[in-house]
Amino acid sequence: MRRTPAAVGTTIFFALVPGTVAGLLPWWITRWEMGDLLPAAPSWIAVSLRLAGAALVLAGAAVLVRAFVRFVVEGLGTPAPIAPTEHLVVGGLYGHVRNPMYVAVLAVIVGQALLLGRPVLLLYAVAVAVPVVAFVRWYEEPTLRRTFGADYERYRAAVPGWWPRPRAYEP
């Protein structure tokens, strides 16, 4: 796939999937109305949680955008299963964690929970994480193993799936 079609497909996928999961559905659940995560806590704790939430939302969004760009630039494809990459993506953030997109989406949702003070979004994050982990385990990993063989096995052995490693993997 050439870069322009990959970029268009990736942009559409970005809007539809993470846009829905980390944007539209949290809005539908909360209408972005502020709540009180810890009603009996001192105000400095609430402010700290909101600031941490804002940081998670911003960091998650930045990671998500960088990961999507990497699919176009390095992989020459999209994150969508119907238009996969031609090359195994192992550079950038993928050198630190195998699933930066999923980690970023979950960080955005947890960040929204803290920022808005809405515990229901923490439950929603768990509800998102369960099928995501199952999808990775039973679809993505076997598909990558079949497609990229030993290259994927070396990468999988060196890079953790969910918790970033400090030093980047170098194939």
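What counts as what
Residues numbered from 1 in each chain as written. Predicted model: local features only at pLDDT ≥ 70, side-chain atom pairs only at ≥ 80, totals over all residues. Heavy atoms only, no water. Helix = DSSP H or I, 4+ residues; strand = E, 2+ residues; numbered from the N terminus. Expected span 1.5 Å × (residues − 1). Buried < 20%, exposed > 50% of the residue type's maximum accessible area, 1.4 Å probe, protein only. Axes fitted to C-alpha atoms, helices over the stretch in contact; angles between N-to-C directions. Parallel < 35°, antiparallel > 145°, perpendicular 65-115°, else oblique. Left-handed = near helix turned anticlockwise from the far one by under 90°. Contact = heavy atoms within 4.5 Å. Nonpolar A, V, L, I, M, F, W, Y, C, P; charged D, E, K, R; others polar. Core = buried A, V, L, I, M, F, W, Y, C linked by side-chain atoms within 4.5 Å. Phe/Tyr/Trp six-rings, centres within 6.5 Å; stacked < 30°, edge-to-face > 60°.

S.K.: Would you mind going over helix α2 (residues 43-73) in detail, with residue names and values included?
M.R.: Compared with an ideal rise of 1.5 Å per residue, which puts 31 residues at 45 Å, α2 spans 45 Å between its outermost C-alpha atoms and is within 8% of the ideal. Of the residues making up α2, those classed as buried are Gly 53, Gly 60, Leu 64, Ala 67, Phe 68, Phe 71 and Val 72.

S.K.: Requested: an account of the packing of helix α1 (residues 3-30) against α2, with residues and values cited.
M.R.: Running from N to C, α1 and α2 point in directions that differ by 150°, and their axes come no closer than 9 Å. Viewed along their axes, α1 and α2 adopt a mutual orientation that is roughly antiparallel. In terms of crossing hand, the pair formed by α1 and α2 is right-handed. For the pair α1 and α2, the contacting residues are Arg 3, Ala 6, Ala 7, Thr 10, Phe 13, Phe 14 and Pro 18 in the first and Leu 64, Val 65, Phe 68, Val 72 and Val 73 in the second. Split into classes, the residues belonging to the contact of α1 with α2 amount to ten nonpolar, one polar and one charged.

S.K.: Tell me about the side chain of Thr 30, and please be specific about residues and values.
M.R.: With respect to the helices and strands, Thr 30 occurs in helix α1. Judged by relative accessible area, which is 3%, Thr 30 ranks as buried. Beyond its immediate chain neighbours, meaning those up to four positions away, Thr 30 contacts Leu 116, Arg 118, Val 120 and Leu 121.

S.K.: A description of the packing of α1 against helix α3 (residues 100-116) should follow, citing residues and the corresponding values.
M.R.: Direction vectors running N to C along α1 and α3 enclose 20°, while the axes themselves pass 9 Å from each other. Comparing the axis directions of α1 and α3 gives the class roughly parallel. Like other packed secondary-structure pairs, α1 and α3 cross with a definite hand, here right-handed. From α1, Pro 18, Val 21, Ala 22, Pro 26 and Thr 30 reach across to α3, where they touch Val 105, Val 108, Ile 109, Gln 112 and Leu 116. Grouping the constituent residues of the contact of α1 with α3 by class yields eight nonpolar, two polar and no charged.

S.K.: Requested: an account of the nonpolar core, with residues and values cited.
M.R.: Formed by 30 residues in total, the largest nonpolar core has its most connected members in Leu 64, Leu 88, Tyr 94, Met 101, Ile 109, Val 128 and Tyr 155. Among the elements that make up this core, the one with the highest residue count is helix α4 (residues 120-158) (nine residues).

S.K.: How would you summarise the packing of aromatic side chains if you had to cite specific residues and measurements?
M.R.: Inspection of the entire model under this criterion finds seven aromatic pairs. Measuring from centroid to centroid gives 5.1 Å for Phe 135 and Tyr 139, while their planes differ by 25°, and the two rings are stacked. In this pair, Phe 135 and Tyr 139 are both assigned in helix α4, four residues apart and thus about one turn of the helix distant. The partly exposed category is assigned to Phe 135, whose relative accessible area is 31%. Accessibility expressed as a relative area gives 35% for Tyr 139, which makes it partly exposed. Consider the rings of Tyr 152 and Tyr 155, whose centres lie 6.4 Å apart with planes at 50°: the pair is tilted. Taken together, the residues Tyr 152 and Tyr 155, both in helix α4 and three residues apart, mark about one turn of the helix. Take Tyr 152 and Tyr 155: they sit in the same class, and that class is buried.

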